[in-house]
Amino acid sequence: MMTEQSADPFGAFKAMQRAAWASFAPIETFTTAPAARLVRLAGIGDAARVLDVACGTGVVAITAALRGARVSALDLSPALLERARRNAEVAGLDIEFVEGDVEALPWADAQFDVVVSQFGHMFAPRPDVALREMLRVLRPSGRLAFATWPPEGVVGRTFDLLARYMSPPAGAPKPAAPAAWGDVGIVRERLGAAVRGLRFARGTMLMQTLSVTHARLMHEATIGPLAKLVEQLGNDPPALARLRDEYEAILADAFEENCLHLEFVMVRAEKAG
Ligand SMILES: C[S@@+](CC[C@H](N)C(=O)[O-])C[C@H]1O[C@@H](n2cnc3c(N)ncnc32)[C@H](O)[C@@H]1O
């Protein structure tokens, strides 16, 4: 009999992501400020029922709950959810944190007033499936808001670099490019008639670092897909050295006065109907 896991052609890819993202917690220092921007753009206030998709350590979920929202949050990584629960406890908040996959949200239809995702749903391998799920659990006229990295920006270019070096799990189909969710034209097309009032905003995330090499080392220890690739290239030192050089060359374009200045895109829309 076919299990749910084997029915998902991306089961192995997601298992890899689940393990790879486990060390992301230190990066919450940098994603905390953009979380406040996204919560403001989403218009989250008192008593709204909010879902934070791919919540990581809970920076968006907690920011929303501190503004009075009733929040649920979901992520693939149990290690990050453990940290998220601890963060909520420190803030004195009661948030529902659930382990799961954005492509199969464990909530009934139309449960939420707002669905948000910061640098998260973009990693689902099937954009149409992730979007369908996020809209399904959103009530009609509810707000969808997310932040992503544009393909032409420094983070988008590193995704492109990783995709050139990465070999997907054997026999698995190719996942969609995450940074396509940061392309305004593609976002318009994907959301289409399912939403109205679509708007875009931009922001810059600062990442303090002494040099691009310090940043690259920090990323290798924390950014799931990069950490996984460095592990994969462990038996090919020349390729690993090339990857590291190319990675640092991209970061250099964003490095100024001891910070990486990383531009992101935010999207907000209302569910049609
Ligand atoms: C860059 S982190 C962002 C975390 C958090 N939203 C933040 O802004 O700090 C990406 C997150 O996406 C999660 N993720 C990746 N694929 C996912 C999927 N299919 N379903 C749910 N979460 C996923 C990872 O576990 C990770 O926590």
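Details of the structure are given in the entry above.
Residues numbered from 1 in each chain as written. Predicted model: local features only at pLDDT ≥ 70, side-chain atom pairs only at ≥ 80, totals over all residues. Heavy atoms only, no water.

Caption draft 1: Structural detail: the pairing of strand β2 (residues 70–75). Within β2, five of the six residues are buried, leaving the element largely enclosed by the surrounding structure. As defined by bridge partners, strand β1 (residues 49–53) adjoins β2 across five bridges and the pair is classed as parallel. Pairing of L51 across the sheet is with S72, part of β2. Crossover β1 to β2 through helix α4 (residues 59–66) is right-handed. For β2 and strand β3 (residues 96–99), the ladder comprises four bridges, and the chain directions are parallel. When the bridges of β3 are listed, L74 appears paired with V98. (Buried < 20%, exposed > 50% of the residue type's maximum accessible area, 1.4 Å probe, protein only. Helix = DSSP H or I, 4+ residues; strand = E, 2+ residues; numbered from the N terminus. Pairing = 2+ DSSP bridges. Right-handed = clockwise from strand over helix to strand, strands pointing away.)

Caption draft 2: Spotlight on α4. Burial analysis of α4 places seven of its eight residues in the buried class, which makes it a mostly covered element. Among the residues of α4, those classed as buried are V59, V60, A61, I62, T63, A64 and A65. Buried positions along α4 lie against α3 (28–41), β1, β2, α5 (78–90), β3 and β4 (112–118). Looking one or two residues beyond α4, the residue adopting positive phi is G68, at roughly 100 degrees. (Contact = heavy atoms within 4.5 Å.)

Caption draft 3: Fine view of the pattern of salt bridges. The final tally for this structure, using the stated rule, is 20 salt bridges. For the salt bridge of R86 with E89, the shortest nitrogen-to-oxygen distance reads 3.2 Å. One end of the pair is R86 and the other is E89, both in helix α5 and three residues apart, which spans about a single turn. Its relative accessible area of 46% is what places R86 among the partly exposed residues. On the accessibility criterion, E89 (55% relative accessible area) is exposed. For the salt bridge of E220 with R244, the shortest nitrogen-to-oxygen distance reads 2.8 Å. Highlighted residues: E220 in helix α9 (residues 212–222) and R244 in helix α11 (residues 237–252), separated in sequence by 24 residues. Linked through salt bridges whose partners overlap, the residues forming this network are D8, K14, D101, E103 and R126. (Salt bridge = Lys/Arg side-chain N within 4 Å of Asp/Glu carboxyl O.)

Spatial relationships are all this shows, so hold off on functional conclusions.
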